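Spelled out from the first residue to the last, the chains are:
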Amino acid sequence: MKPARTKTPRKPPVKKGSQTSLKDPVGVYCRVRPLSLPEQECCIEVINNTTVQLHTPEGYRLNRNGDYKETQYSFKQVFGTHTTQKELFDVVANPLVDDLIHGKNGLLFTYGVTGSGKTHTMTGSPGEGGLLPRCLDMLFNSIGSFQAKRYVFKSNDRNSMDIQCEVDALLERQKREATPNPKTPSSKRQVDPEFADMINVQEFCKAEEVDEDSVYGVFVSYIEIYNNYIYDLLEEMPFDPIKPKWNSCSTPMRNTDFVPPQSKLLREDKNHNMYVAGCTEVEVKSTEEAFEVFWRGQKKRRIANTHLNHESSRSHSVFNIKLVQAPLDADGDNVLQEKEQITISQLSLVDLAGSERTNRTKAEGNRLREAGNINQSLMTLRTCMEVLRENQTYGTNRMVPYRDSKLTHLFKNYFDGEGKVRLIVCVNPKAEDYEESLQVMRFAEVTQEVEVARPTDKAICGLTPGRRYRNQARAGPVGDEPLVSEVVLQSFPPLPSCELLDVNDEQTLPRLIEALERRHHLRQMMIDEFNKQSINFKALLQEFDNAVLNKENYIQGKLNEKEKVISGQKLEIERLEKKNKTLEYKVEILEKTTTIYEEDKRNLQQELETQNQKLQRQFSDKRRLEARLQGMVTETTMKWEKECERRVAAKQLEMQNKLWVKDEKLKQLKAIVTEPKAEKPERPSRERDREKVTQRSVSPSPVPNVPPIRLRHRRSRSAGDRWVDHKPATNLQTETVMQPHVPRAITVSVANEKALAKCEKYMLTHQELASDGEIETKLIKGDVYKTRGGGQSVQFTEIETLKQESPTSRKRRSSTVAPAQPDGTESEWTDVETRCSVAVEMRAGSQLGPGYQHHAQPKRKKP
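Caption draft 1: Structural context of the overall build of the protein. What the protein contains, in helices and strands, is 17 helices and 29 strands. The proportion of buried residues among the 863 residues of the protein is 33%. Roughly 58,100 Å² of accessible area belongs to the protein as shown, and the carbon and sulfur atoms make up 53% of that amount.

Caption draft 2: Representation of helix α5 (residues 287-298) within the structure. Given a rise of 1.5 Å per residue, twelve residues ought to cover 16 Å, and the 16 Å separating the end C-alpha atoms of α5 matches this to within 8%. Turning to α5, its buried residues number three or more, namely Thr-287, Glu-289, Ala-290, Phe-291, Glu-292, Val-293, Phe-294, Trp-295, Arg-296, Gly-297 and Gln-298.

Caption draft 3: Main features of the sheet that holds strand β23 (residues 723-726). Pairing is mixed across the open sheet formed by five strands, whose spatial order is β24-β23-β25-β26-β27. Two strands close off the open sheet at either side, each with one partner strand: β24 (745-748) and β27 (792-803). Each neighbouring strand pair of the sheet contributes to a mean axis angle of 25 degrees, computed without reference to strand direction.

Caption draft 4: Representation of the packing of helix α1 (residues 85-101) against helix α3 (residues 131-143) in the model. Two elements in contact, α1 and α3, have axes separated by 9 Å at closest approach and are oriented at 45 degrees. With respect to their mutual orientation, α1 and α3 come out oblique. For the crossing formed where α1 meets α3, the hand is right-handed. Of the residues in α3, those in contact with Gln-85, Lys-86, Leu-88, Phe-89, Ala-93, Asn-94, Val-97, Asp-98, Leu-100 and Ile-101 of α1 are Leu-131, Arg-134, Cys-135, Met-138, Leu-139 and Ser-142. In terms of residue class, the contact of α1 with α3 is built from ten nonpolar, three polar and three charged.

Caption draft 5: Structural context of the packing of aromatic side chains. Applying the stated criterion to the full structure yields ten aromatic pairs. Aromatic side chains Tyr-111 and Phe-443 sit 4.5 Å apart centroid to centroid with 40 degrees between the ring planes, which places their arrangement in the tilted category. One end of the pair, Tyr-111, is in strand β7 (residues 105-112); the other, Phe-443, is in helix α10 (residues 434-447), with 332 residues separating them in the sequence. By the burial criterion, Tyr-111 is buried, and Phe-443 matches it. Between the aromatic rings of Phe-294 and Phe-319, the centroid separation amounts to 5.4 Å while the plane-to-plane angle is 85 degrees, which identifies the pairing as edge-to-face. Placement of the pair is Phe-294 in helix α5 and Phe-319 in strand β19 (residues 316-327), with a sequence separation of 25 residues. Like Phe-319, Phe-294 is buried. Among the aromatic side chains, those forming a connected cluster through ring pairs are Tyr-222, Phe-291, Phe-294, Trp-295 and Phe-319.

Caption draft 6: Quick look at the nonpolar core. Residues Phe-75 and Phe-411 are the most contacted members of the largest nonpolar core, which totals 53 residues. Apart from the residues within four sequence positions on either side, Phe-75 is in contact with Val-28, Tyr-29, Cys-30, Thr-50, Val-52, Val-425, Met-441, Ala-444 and Gln-448.

Caption draft 7: The arrangement of the packing of α3 against α5 in detail. In the contact formed by α3 and α5, the axes pass within 9 Å of each other and the chain directions differ by 150 degrees. Relative to α5, α3 is oriented roughly antiparallel. Crossing of α3 over α5 shows right-handed handedness. Judged by residue contacts, Leu-132, Pro-133, Leu-136, Asp-137 and Phe-140 of α3 engage Thr-287, Ala-290, Phe-291 and Phe-294 from α5.

Caption draft 8: Broad picture of the pattern of salt bridges. Counted according to the given criterion, the structure contains 29 salt bridges. With its nearest N and O atoms 2.5 Å apart, the salt bridge here joins Asp-90 to Lys-86. Residue Asp-90 and its partner Lys-86 are located together in helix α1, separated by four residues, close to a single helical turn. Looking at Lys-86, the relative accessible area reads 23%, which means it is partly exposed. Between Arg-176 and Glu-172 there is a salt bridge whose closest N-O contact spans 3.3 Å. One end of the pair is Arg-176 and the other is Glu-172, both in helix α4 (residues 166-178) and four residues apart, which spans about a single turn. The exposure class assigned to Arg-176 is partly exposed, which follows from its relative accessible area of 44%. The exposure class of Glu-172 is buried, given its relative accessible area of 12%.

Caption draft 9: Region of the structure containing the sheet that holds strand β5 (residues 70-74). In space, the three strands of this open sheet follow the order β3-β4-β5, with antiparallel pairing throughout. Edge strands, defined here as strands with exactly one partner in the open sheet, are β3 (44-48) and β5. For this sheet, the mean angle separating the axes of adjacent strands, direction not counted, is 25 degrees. Relative to strand β4 (residues 51-55), β3 runs antiparallel, the two being bridged by four bridges. Paired with Val-46 across the two strands is Val-52, which belongs to β4. With respect to the sheet, α10 is in contact with β3, β4 and β5, its orientation differing from that of β4 by roughly 145 degrees.

Caption draft 10: Molecular detail of the side chain of Asp-269. Among the secondary structure elements, Asp-269 is positioned in the loop between β14 (266-268) and β15 (274-276). Among the polar contacts listed, one links the side chain of Asp-269 to the backbone nitrogen of Asn-271, at a separation of 3.1 Å. A polar side-chain atom of Asp-269 sits 2.6 Å from the main-chain amide nitrogen of Asn-273. Ignoring anything within four residues of it in the chain, the contact list for Asp-269 reads Arg-158, Asn-159 and Tyr-275.

Caption draft 11: Expanded view of the environment of Gly-332. Relative to the helices and strands, Gly-332 resides in the loop between β19 and β20 (343-351). Residue classification places Gly-332 among the buried residues on the basis of a relative accessible area of 10%. Separated by 135 residues in the primary sequence, Gly-332 and Arg-467 place their C-alpha atoms 4.7 Å from one another.

Caption draft 12: The pairing of strand β26 (residues 775-786), seen in detail. In the sheet, strand β25 (residues 761-769) pairs with β26 via nine bridges, with the strands oriented antiparallel. Among the inter-strand pairings, Lys-761 is bridged to a residue of β26, identified as Asp-783. Where β25 folds back onto β26 in an antiparallel hairpin, the turn is made up of five residues, including Gly-773, whose phi is positive at roughly 90 degrees. When β26 meets β27, the two strands line up antiparallel, connected through eleven bridges. Following the sheet pairing, Tyr-785 is matched in β27 by Ser-793.

Caption draft 13: Summary view of the state of the cysteines. By the definition in use, this model includes zero disulfides. Cys-135 takes part in no disulfide bond, and the closest cysteine sulfur, belonging to Cys-205, lies 9.3 Å away.

Caption draft 14: Seen up close, a positive patch on the surface. A contiguous patch of positive charge, built from Arg-158, Lys-270, Lys-578 and Lys-581, is present on the exposed surface. On the secondary structure map, Lys-578 appears in helix α13 (residues 508-674). According to the relative accessible area criterion, Lys-578 is exposed, its value standing at 62%.

Caption draft 15: Structural context of α4. Between its terminal C-alpha atoms α4 stretches 18 Å, which fits the 18 Å expected from 13 residues at 1.5 Å a residue. The complete set of buried residues in α4 reads Ala-169, Glu-172 and Arg-173. The buried residues of α4 occupy an angular sector of 105 degrees when projected down its axis, which confines them to one face. Facing away from the buried surface of α4 by more than 90 degrees, the exposed residues are Val-167, Lys-175 and Ala-178.

Criteria and cut-off values
Residues numbered from 1 in each chain as written. Predicted model: local features only at pLDDT ≥ 70, side-chain atom pairs only at ≥ 80, totals over all residues. Heavy atoms only, no water. Helix = DSSP H or I, 4+ residues; strand = E, 2+ residues; numbered from the N terminus. Buried < 20%, exposed > 50% of the residue type's maximum accessible area, 1.4 Å probe, protein only. Areas by Shrake-Rupley, 256 points an atom, 1.4 Å probe, with all protein chains shown as cover. Expected span 1.5 Å × (residues − 1). Pairing = 2+ DSSP bridges. Axes fitted to C-alpha atoms, helices over the stretch in contact; angles between N-to-C directions. Parallel < 35°, antiparallel > 145°, perpendicular 65-115°, else oblique. Left-handed = near helix turned anticlockwise from the far one by under 90°. Contact = heavy atoms within 4.5 Å. Nonpolar A, V, L, I, M, F, W, Y, C, P; charged D, E, K, R; others polar. Phe/Tyr/Trp six-rings, centres within 6.5 Å; stacked < 30°, edge-to-face > 60°. Core = buried A, V, L, I, M, F, W, Y, C linked by side-chain atoms within 4.5 Å. Salt bridge = Lys/Arg side-chain N within 4 Å of Asp/Glu carboxyl O. Polar contact = N/O pair within 3.5 Å; in protein donor to acceptor, adjacent residues only side chain to side chain. Disulfide = S-S within 2.5 Å. Patch = residues over 30% accessible without salt bridge, like charges linked within 9 Å, V, L, I, M, F, W, Y side chains within 5 Å. Lys, Arg positive; Asp, Glu negative; His and termini not counted. Charge placed at Lys NZ, Arg CZ, Asp CG, Glu CD. Arc of directions from axis to C-beta.

Purely spatial values, then, with no claim about function.
Structural data, given as structure tokens:
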């Protein structure tokens, strides 16, 4: 069975050594800049050297108690408005430079909102250099006399260094001097007056316990992270001097001679450290050269004018100081040509772009896009800090999203234990920046709870210390030491005086002879002792020579074995290098392919999101339309159901009335037909009708023996009630003889509570147009009741209808002519049309019985 593929292993824990369990928290410091104007409102107060307090400015939202909210935040150290650059450097950056010289890495951030003094803290101003020039000055003050010659160390593209011998370095120096480059820094060039005051540091600072048996080389690089892309600020590109490199929109001009800057990629070296591939590294030998390189890159950095800052940084800048150390050989003369003995340490100085709110900066277009990318990268940094704190506090194993931003991906090794991390929080105490300063304080509070593994000390090379100065002492004059002959002569007894003052002097010569004999005897003894010592020394030398010869033979055998092993390893290294090149080429192709696929993936995701949004909108519109149609259908259905019920009820009532009328007519017809013939009544004359309007006679009841019905008078019941006569202003005045009249009524055009409170009855006069075009007036009556809430309600009881009709519009019904009487006279009672012209008035469902009234005019006799 084929084993499953696993992910690339992380950095082996062996590299951390025995100190992996030792961790230090991230050092977070706070610096408060002074107010621009003395009359500005201040919202930040320094309580002591470790605490600041935020006051809610006037006009901002208050807390629940109604008091101004005050919040305190603690830091490792707080620097007030009167803190100098020297005091800040001694506390924050000096330990980082000391660690750099001793082979340890360091990372220093400046974080804050726009206009809080980050760039001033990092770079400084004329006459008051910032942290960067002071770090360079301390570094070169410490290693100035121990620096290697130029080009002895040479950087490669794999984040490591190669060593060249003195001859190769000399040839390369001569080659570079033959083709001078004006952009290459040189110690012989005059310092640019534009930044001369920044690097003129008055206070001398130097690291202690510098390794004197090593040589040092300093390399600097300068990059910026703009819109989540990495650009090399020291990269030289051809350009047209007449046309500008960038237009007003920060986009490259179309120019055949100008090549726009290419973004760099992040790579991982053999030690799993992240670095920028293809980044320019410049070797410098002094503070002036290093700052000149920095200033050259600073001019290329992207800045813009915003509403909050005239020179607002639109990118994160990273200035790397790389220190290379290599030990001297055993003689102390030359650099040890062993690549494994090289120690590389790095100090990264990061000036973060300021977090800002677009509604305050009034940004739009490219400025708005830049602000969005800046806030996104800072949000990713904050998220990484929160995840690290959560993993360390609660023991979880959440993945830290370093790869979400180039800024966090580049420095992830520092948070994994590759060096010290320091953060300087710069704040502006003015009240307008209160909310932004509050967010910055919260980020600082989270960051100082994160712990970073302590870096390990560099390994000792194993050579004898003091090699450099011992070689210099050995090259000094030999005559300083006393000779052996002088020491031997001083050990002999002194000679007596040899001066002869008299011919007969017999004491001087015997004393001289005796002294010389003693010296001769002492000399003979010393010669014998010397011979004995020489014989013994020769024997020792012989033994030593034999031992040395044996050791040489043994070492030679070991060397032969080692050479065979080395030859095999060289062949293996060559094979691996070829394989590595092939793999690097494949990786590069895969990275390009991955980039293309990622771009396609982003485009497809954007298209998919667009389509999803479109479908979502269509689905929402469809649901809205369905709900609307459903409501319309329901409303229309209910409307028509009510209309149908109303029409059916009206039709039923109409049919019932018609049926009842027909029944009554049939009863009357039957009564007319069956009743006996009577005398013909006298027809009144027209003149009499005009003079006097006779009352219409009541038709005889078609049903015999029916007692008369007593009509109910409504006035008797409501005679004592008071009415509200509601006549809307839109009603028209009719010219009918019968007009509704209610005594003791309060007439209103709009119903109101005051009128209803005084009355017991309510009547609404409503007018509408009938189907025949005439105005139909309805009197809607009701009773007024008091409610529990103290108001009035109306309960409708009945409706009276007043309708005006035209006689000419009525359709005449067909009449049946009665047969002539035998006597030749026509009887009026036998005329069906005349006898049946009776109107019946009755409310539907009434128990009072029908009332009859004759409406027809009597027919005249034919002459």
